[in-house]
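Secondary and tertiary structure notes
Residues per chain are reported as follows:
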Amino acid sequence: MFRSALISTVSMTVLFSAAPAMAQSATTDETVDVIRVTGTPIRDSQAAALNQKRAADNVADIIAADTIGRFPDQNLADSLGRLPGLAIERDQGQARFINFRGAPFRWTAIAFDGIDVLGAENGRIPRFDSFPSVITSSVEANKAITPDMPGEAVSGFININTFNPFDREGFSASGEAGYGEQELGGGPINKYNFRASWSGDQFGLVVFGSHNRRKQITDNREFDLELDSSGELILNEVDFRNYIVEREDNAYGGTAEFRPDGAVSRVFFSTLFSEFIDREQRNQYVFDLAGGAGAIGGAVAPGDTGYQPLALVNRLLEDGRYHNSTWTNTLGLDGEFGDWRMEGRLNYTETRNSTFLPIPYSAAGQAAVSYDITNVEDPQLNVFAPFSQTEIGLDALSYAATLGLVVDATLDTESYKLKGDVERDVSLFGRDSVIGFGLQYDAREATGYGVTQAIGGFPASVDIASFDDGTPWRSDFNNSIGGTYYDNEGLRQAWSDAAGGLAVTPADDQLIALEEDIIAFYGMATVELSRGSVVFGARVEHTDYTSEGPQLQTAYSDDYVTVLPSLHFNFDLTDTLKFRASASTGISRPTYNELRASASVDPTSQTVAGGNPTLDPETTWGGDLALEWYFAPASILSAGVFHRTVDNVIYSDSTSIDGGVYLPSAAGEVWTLSGPVNGSNGSLSGLEINLIGQASFLPEALSGFGASANLTLLDSEFETQSGVTFSLPGASDMIWNASVFYERFGLSARLNYQYRDAWLSTTENDSLAEYWDAQQRLDASLRYSLPTAPGGVAVTLFANANNLTDEVDVRYAGQRATPNQVEGYGRRFLAGVRLDF
């Protein structure tokens with residue numbers, strides 16, 4: 001119905017349109033340029049962003065409002081991933097996390113309108129899949145950190161500027177609606193957003209909302225592979241999965257602002273709520289060849305093909321839900337008192353991250369299998385009756401037991417922030433200068449628990465077989481096992497009804513109860529030079545935290561002071577050539593899950609497994625050099641190098657601790673803790689090259705062409721406590737993006753390519769490292785602004801296409817020859833209409 005209505009609306013609009021294109025004027029607020037035009041929107045947005053970049057005192061990249069809208073982006077992570085040095089990590093094809101210059105997720109701080117907020121993932125890590133691109137007016141990706149930015153921004157500080165009611169005079173509104181399809185499985189995609197604002201002489205109000213929903217099939221194959229001494233593969237286990245995934249993100253909020261006469265120039269209140277919901281049905285069969293071989297006193301023979309007379313089979317049928325949200329509220333006041341300009345902010349933010357996965361788990365079925373893993377990314381496996389060549393269906397399997405498995409995790413955070421900044425014009429060293437000071441107090445609290453599993457009997461009154469609907473899996477992979485869909489949602493409900501509800505009691509070793517107070521003070525000065533400026537200063541942060549755990553006799557508390565100096569120099573060598581040099585420092589505190597005091601404690605073996613409240617924060621110092629050539633309007637060629645030295649790199653391993661932390665009577669004893677620990681000798685270095693160019697020198701019909709490309713080369717490492725060296729999690733050796741666009745006569749088209757090579761995902765210990773293999777994406781976007789504005793409404797038609805080359809994602813253990821996960825999800829198409837009033 002929606003598709004028909006959309007087509008009808010677009011057709012009628014085209015029929016009644018026939019006049020010259022209408023341009024929208026640009027307005028600015030005090031700090032953010034927001035340009036919206038329909039003539040050359042890509043070019044003008046790039047010009048606005050480059051003007052902000054050029055005027056910045058530090059190394060930074062900017063994305064302007066219209067540029068965000070004209071990429072085929074599903075969320076803000078996609079938008080950021082097109083900047084130099086920023087790479088995306090995806091989940092089932094959807095951008096989720098940002099590796100800023102190849103650094104771990106937690107090394108990036110995120111802020112809304114200058115107010116930094118906690119990340120929904122473990123309290124430190126921003127989840128960008130919950131932030132739709134349309135809520136932003138511009139995004140600043142700061143790569144060199146100044147003293148007025150939070151010290152937690154080790155690799156970068158991303159400031160998301162939302163819309164201000166005074167961006168447009170009077171009343172204005174815009175709305176967007178789109179419909180599309182995920183190619184694999186034919187799932188629908190819906191996209192809706194709106195924004196409305198009004199401003200008078202002194203009062204302004206803006207409200208906005210966004211809703212995106214998509215349904216998709218995800219193919220998944222997972223393995224336990226090893227190589228024998230001759231280099232042949234041994235298939236110990238293969239896992240066939242098919243997911244029906246329904247994801248949505250919602251965001252809404254607004255700002256009310258009053259601009260009185262007098263010393264106080266601005267009073268405002270802003271609020272933003274953003275959430276991501278993932279409803280997931282998983283149909284899964286695990287074929288344990290090594291377990292079956294062991295049960296009959298044998299072993300799996302090496303080779304790409306083979307037959308195993310007995311394999312143990314497990315079936316898992318999940319109907320789960322993942323949810324994360326951020327709600328942030330700010331009351332602000334700006335003013336000028338004498339010679340001092342002042343900004344005051346009071347903020348309250350809460351985040352929530354939860355996982356709930358109920359799984360009927362049928363275990364220890366028996367079958368014989370033949371297999372072919374010649375193409376290890378698409379394995380073929382056939383199922384037979386045990387010790388025979390008689391082929392059987394999955395419905396013929398009988399299981400030794402069916403259990404009820406529930407996986408649960410929750411982390412809630414609350415934070416209160418009081419922030420004040422003042423600055424004034426002075427003369428330093430005979431130069432016009434600005435000095436500034438700031439004080440910030442954060443009170444944070446985290447409660448919840450890490451991943452907890454409860455397993456028990458499954459109700460005999462629930463007949464699982466009756467929920468098999470017989471529909472074959474929709475798959476681009478080989479479905480040689482004959483997998484069919486179950487009504488997982490109905491099965492979960494029947495289980496819940498029979499059991500009187502599904503709930504998990506959190507495990508003691510997963511409990512999180514943590515309080516953290518941070519007091520920060522900074523002082524800085526900006527000295528204007530004849531052709532540039534120097535910014536110098538320092539930030540001092542005092543951190544005090546308390547972590548509680550049921551195993552501790554008393555809560556574990558600690559505090560530390562960190563001094564973070566920085567220096568930034570930029571100089572205009574010519575009217576078009578700028579040189580930058582920066583030196584900066586930073587700190588990355590452990591996540592709340594890592595810092596939890598709860599653990600499983602065994603006094604007899606003197607071992608502890610769980611969190612580590614004694615972790616030190618990661619500290620870093622380093623520098624940037626950059627050369628920027630603004631060779632034409634809306635164009636740039638730049639090159640930069642950077643280096644960061646990192647101490648106390650956090651990873652998972654075993655370490656020695658004082659047993660007195662968990663048992664007072666064991667004070668002075670050396671115990672072994674398995675969990676997050678501190679490594680050493682970390683470093684991250686890189687080269688960034690960026691080019692944006694316009695073909696304005698060509699004849700008119702061709703002058704609308706333009707291109708952008710950026711390349712980042714990275715080198716990173718850290719050392720474990722036993723001296724083994726790994727790259728930093730998230731650091732690809734090479735990242736590059738390229739875009740070609742054309743805009744003329746109301747048409748705006750863009751083709752974009754992204755690539756990153758393999759990177760370390762996690763390090764569980766010295767002998768187990770998981771890597772994501774190289775990934776690439778080709779996306780396209782098309783916009784057409786109708787030549788007339790019926791009733792004063794500007795109409796733009798749009799179409800997006802993602803993953804045009806139908807890529808799959810591969811993860812491997814240790815080396816590329818032993819993948820442990822292959823995942824595919826197909827192409828994605830979306831079309832719609834945008835209205836601007």
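Basis of the calculations
- Residues numbered from 1 in each chain as written.
- Predicted model: local features only at pLDDT ≥ 70, side-chain atom pairs only at ≥ 80, totals over all residues.
- Heavy atoms only, no water.
- Salt bridge = Lys/Arg side-chain N within 4 Å of Asp/Glu carboxyl O.
- Helix = DSSP H or I, 4+ residues; strand = E, 2+ residues; numbered from the N terminus.
- Buried < 20%, exposed > 50% of the residue type's maximum accessible area, 1.4 Å probe, protein only.
- Pairing = 2+ DSSP bridges.
- Axes fitted to C-alpha atoms, helices over the stretch in contact; angles between N-to-C directions.
- Patch = residues over 30% accessible without salt bridge, like charges linked within 9 Å, V, L, I, M, F, W, Y side chains within 5 Å.
- Areas by Shrake-Rupley, 256 points an atom, 1.4 Å probe, with all protein chains shown as cover.
- Contact = heavy atoms within 4.5 Å.
- Polar contact = N/O pair within 3.5 Å; in protein donor to acceptor, adjacent residues only side chain to side chain.
- pLDDT = per-residue confidence, 0-100.
- Lys, Arg positive; Asp, Glu negative; His and termini not counted.
- Charge placed at Lys NZ, Arg CZ, Asp CG, Glu CD.
- Phe/Tyr/Trp six-rings, centres within 6.5 Å; stacked < 30°, edge-to-face > 60°.
- Lys NZ or Arg CZ within 6 Å of the ring centre and 35° of its normal.
- Core = buried A, V, L, I, M, F, W, Y, C linked by side-chain atoms within 4.5 Å.
- Expected span 1.5 Å × (residues − 1).

Time to look at the pattern of salt bridges. When the charged atoms of two side chains with opposite charge come close together, those side chains can pair. On inspection of all chains with the given rule, the structure shows 53 salt bridges. A salt bridge links E183 to R827; its shortest N-O distance comes to 2.8 Å. Here E183 is found in the loop between β10 (170–182) and β11 (187–199), whereas its partner R827 is found in the loop between β42 (819–824) and β43 (828–836), with 644 residues between them in sequence. We classify E183 as partly exposed; its relative accessible area is 39%. With its nearest N and O atoms 3.6 Å apart, the salt bridge here joins E700 to R744. Separated by 44 residues along the polypeptide, E700 in the loop between β32 (680–694) and β33 (705–719) and R744 in strand β35 (residues 734–744) bring together distant segments of the chain.

As summarised here, the arrangement of the four strands in space is β26-β27-β31-β30, forming an open sheet in which the pairing is mixed. Single-partner strands in this sheet number two, and they are β26 (599–602) and β30 (650–658). Each strand of the sheet is rotated relative to its neighbour by a mean of 20 degrees, with strand direction disregarded. Inspection of the sheet shows β26 paired to strand β27 (residues 607–610) by four bridges, in the antiparallel sense. Considered in β27, the bridge of S600 is made with A609.

This part takes up a nonpolar patch on the surface. Taken together, F171, F194, W198, F203, L205, V207, F258, L835 and F837 make up a surface patch of nonpolar side chains, about 860 Å² in accessible area. Mapped onto the nonpolar patch, the elements with two or more residues apiece are β11 and β12 (203–227). With three residues, the single largest contributor to the nonpolar patch is β12. Topologically, W198 is positioned in strand β11. Note on W198: relative accessible area 41%, which makes it partly exposed.

This part is about the environment of N737. Assignment of secondary structure puts N737 in strand β35. Residue classification places N737 among the buried positions, given a relative accessible area of 4%. If we skip the residues at most four places from it in the chain, N737 touches G81, R82, L83, S708, A709, N710, Y753 and Q754. Side-chain polar atoms of N737 contact the side chain of Q754, separated by 3.5 Å.

This part is about the confidence of the model for the chain. Across the chain, pLDDT averages 89, with 93% of residues at or above 70. Ignoring residues within four places in sequence, the model shows residues 1–38, a span with pLDDT below 50, making 63 contacts including any to other chains.

Together, E414, E445, E515, D517, D544, E548 and D559 make up a region of like negative charge exposed at the surface. Contributions of two or more residues to the negative patch are made by β22 (511–529) and β23 (532–548). With respect to the helices and strands, E414 occurs in strand β18 (residues 401–428).

This part takes up the packing of aromatic side chains. Across all of its chains, the model carries 20 aromatic pairs by this definition. The rings of W327, Y348 and Y416 are connected pair by pair, giving a single aromatic cluster. The side chain of R195 reaches across the aromatic face of F163, ending 3.6 Å from its centre. The ring of W759 carries R756 above its face, with NZ or CZ at 3.6 Å from the centroid.

So, about the nonpolar core. By size, the foremost hydrophobic cluster in this structure holds 44 residues, and its most contacted members are L235, V238, Y285, F287, L289, L381 and I481. The greatest single-element share of this core, amounting to six residues, is contributed by strand β13 (residues 233–258). If sequence neighbours within four positions are ignored, V238 has contacts with E222, F223, Y285, V286, F287, L289, P379 and L381. Membership of the second largest hydrophobic core comes to 23 residues, among which are I88, F112, V117 and V139.

On to the pairing of strand β41 (residues 808–813), then. Examined bridge by bridge, β41 and β42 share five bridges and lie antiparallel to one another. Opposite R811, over in β42, you have Q821 as the bridge partner. Joining the antiparallel neighbours β41 and β42 is a turn of five residues, in which G814 adopts a positive phi near 80 degrees.

Here we take up helix α6 (residues 488–499). Here α6 contains twelve residues, and its C-alpha end-to-end distance of 16 Å stays within 8% of the 16 Å for a straight helix at 1.5 Å per residue. Looking at the buried residues of α6, the elements they touch are β14 (264–288), β15 (305–337), β16 (340–372), β18 and β21 (484–486). Positive phi appears at G500, one or two residues downstream of α6, with a value of about 75 degrees.

Moving on, we come to the sheet that holds strand β6 (residues 108–112). On the basis of which strands lie adjacent, the open sheet formed by five strands has the order β3-β8-β9-β6-β7 and mixed pairing. A strand with exactly one partner marks an edge of an open sheet, and here the two such strands are β3 (60–64) and β7 (115–117). Shown here is a sheet whose adjacent strand axes are inclined to one another by a mean of 25 degrees, direction ignored. One ladder, built from five bridges, connects β3 with strand β8 (residues 136–142); its direction is antiparallel. Paired with I63 across the two strands is V139, which belongs to β8.

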